[in-house]
Amino acid sequence: EQQVQQSPASLVLQEAENAELQCSFSIFTNQVQWFYQRPGGRLVSLLYNPSGTKQSGRLTSTTVIKERRSSLHISSSQITDSGTYLCAMGDSNYQLIWGSGTKLIIKP
Amino acid sequence: GGIITQTPKFLIGQEGQKLTLKCQQNFNHDTMYWYRQDSGKGLRLIYYSITENDLQKGDLSEGYDASREKKSSFSLTVTSAQKNEMAVFLCASSRDRVGTEVFFGKGTRLTVV
């Protein structure tokens, strides 16, 4: 069964600390995407990063294909960064396989 | 940029009722998807379509029908709503087949009474 493992399951940080989220895949994939969702909120695409390093504002994603993993780094975290971060990989059947998410809580 | 519009935002139905959810995208994307998101569970694929009039079943297709009337629209029908069913249905699209970024709509929240 194809799987996506995310860690940690939850993370509590103080405001301004950096967050590091991890995602590992059971298969090799050429489609890796990170999403963000607040409780009851919409699913927002953060970064599409099938390989290498990509940055968007305070977010940096690094995907190492041969090691079947991807990370999301959030620098100088803010209270509004709180929510669930999901990573997903694409398989050969057009399906996105989802991780179970990392719940991030940023405290003042 | 583009946008994915889902209607309605909230849908309340009765047990056994046939309910239709609609999705429009103006990205000019070929592939469109319907996902279901349940509280505490990951997203599960219901149907997808790689071009107009194409339909492919996902893992959760039982109890649903879909229709890709034209490239920009993809509708999902709950054939018989189940009592106490509560979930968010998410429509998504991507430019091509595998290997391209996927964009999501805001979702339709379904409640069955």
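Overview of the structure. (Residues numbered from 1 in each chain as written. Chains lettered and ligands numbered in written order. Predicted model: local features only at pLDDT ≥ 70, side-chain atom pairs only at ≥ 80, totals over all residues. Heavy atoms only, no water.)

**Section: the state of the cysteines**
By definition, a disulfide links the sulfur atoms of two cysteine residues through a covalent bond.
Part 1: Tallied over the entire structure, the rule returns 2 disulfides over all chains.
Part 2: Across the disulfide, A:Cys23 is cross-linked to A:Cys87 (sulfur-sulfur distance 1.6 Å). Because the sign of the S-S torsion sets the handedness, a value of about 50 degrees for the bond joining A:Cys23 and A:Cys87 places this disulfide among the right-handed ones. You can see A:Cys23 sitting in strand E3 (residues 19–25) and its partner A:Cys87 sitting in strand E9 (residues 83–90), a full 64 residues away along the chain. A single burial state applies to A:Cys23 and to A:Cys87, both of which are buried.
Part 3: Between the sulfur atoms of B:Cys23 and its disulfide partner B:Cys91 the distance amounts to 1.9 Å. Torsion about the S-S bond of the B:Cys23 and B:Cys91 cystine: about -75 degrees, corresponding to left-handed handedness. With a gap of 68 residues between them, B:Cys23 in strand E3 (residues 19–25) and B:Cys91 in strand E9 (residues 86–94) connect regions that are remote in the sequence.
Part 4: Look at B:Cys23 and you get buried, because its relative accessible area is 2%. (Disulfide = S-S within 2.5 Å. Helix = DSSP H or I, 4+ residues; strand = E, 2+ residues; numbered from the N terminus. Buried < 20%, exposed > 50% of the residue type's maximum accessible area, 1.4 Å probe, protein only.)

**Remarks on the sheet that holds strand E7 (residues 64–70) of chain B**
All names here are of chain B.
Part 1: Spatial strand order, E1-E3-E8-E7: 4 strands in an open sheet with antiparallel pairing. Unpaired on one side and paired on the other, strand E1 (4–7) and E7 mark the two borders of the sheet. Strand-to-strand twist across the sheet, computed as the mean angle between neighbouring axes with direction ignored, equals 15 degrees.
Part 2: Sheet analysis places E3 next to strand E8 (residues 73–78), joined by 4 bridges and oriented antiparallel. Residue pairing in the sheet places Thr20 in a bridge with Thr77 of E8. (Pairing = 2+ DSSP bridges. Axes fitted to C-alpha atoms, helices over the stretch in contact; angles between N-to-C directions.)

**Looking at the packing of aromatic side chains**
Part 1: Here the structure, examined in full by the defined rule, presents 10 aromatic pairs over all chains.
Part 2: Between A:Trp98 and B:Phe104, the aromatic rings sit 5.7 Å apart at their centres with planes inclined by 70 degrees, giving edge-to-face as the arrangement. Placement of the pair is A:Trp98 in strand E10 (residues 96–98) and B:Phe104 in strand E10 (residues 102–104), with the two residues belonging to separate chains.
Part 3: On the basis of relative accessible area, A:Trp98 is assigned to the buried category, the value being 10%.
Part 4: A residue is classified by how much of its surface remains accessible, and B:Phe104, at 6% relative accessible area, is buried.
Part 5: Relative to B:Tyr48, the ring of B:Tyr33 has its centre 6.5 Å away and its plane inclined at 35 degrees; by these criteria the two rings are tilted. Here B:Tyr48 lies in strand E5 (residues 43–49) and B:Tyr33 lies in strand E4 (residues 31–37), a separation of 15 residues in the sequence.
Part 6: Feature note: the residues A:Phe35, A:Trp98, B:Tyr33, B:Tyr35, B:Tyr48 and B:Phe104 constitute an aromatic cluster, connected by ring pairs.
Part 7: A cation over an aromatic ring shows up here: A:Arg68 above the ring of A:Phe28, its NZ or CZ 5.2 Å from the ring centre. (Phe/Tyr/Trp six-rings, centres within 6.5 Å; stacked < 30°, edge-to-face > 60°. Lys NZ or Arg CZ within 6 Å of the ring centre and 35° of its normal.)

**Details of the sheet that holds E3(A)**
Residue and element names in this part refer to chain A.
Part 1: Sheet architecture is open: 5 strands sit in the order E1-E3-E8-E7-E6, paired in antiparallel fashion. Strands at the two margins of the open sheet, each flanked by one partner only, are strand E1 (4–7) and strand E6 (52–56). Neighbour to neighbour, the strand axes of the sheet diverge by 15 degrees on average, direction disregarded.

**Topic: the interface of chain B and chain A**
Part 1: With 19 residues of chain B in contact, the opposing surface of chain A contributes 17 residues.
Part 2: Counting across the chain B and chain A interface gives 0 salt bridges.
Part 3: There are 7 residue pairs in polar contact (both at pLDDT 80 or more) connecting chain B and chain A.
Part 4: Along the lines of polarity and charge, the residues of the side of chain B that touches chain A split into 10 nonpolar, 4 polar and 5 charged. (Contact = heavy atoms within 4.5 Å. Salt bridge = Lys/Arg side-chain N within 4 Å of Asp/Glu carboxyl O. Polar contact = N/O pair within 3.5 Å; in protein donor to acceptor, adjacent residues only side chain to side chain. Nonpolar A, V, L, I, M, F, W, Y, C, P; charged D, E, K, R; others polar.)

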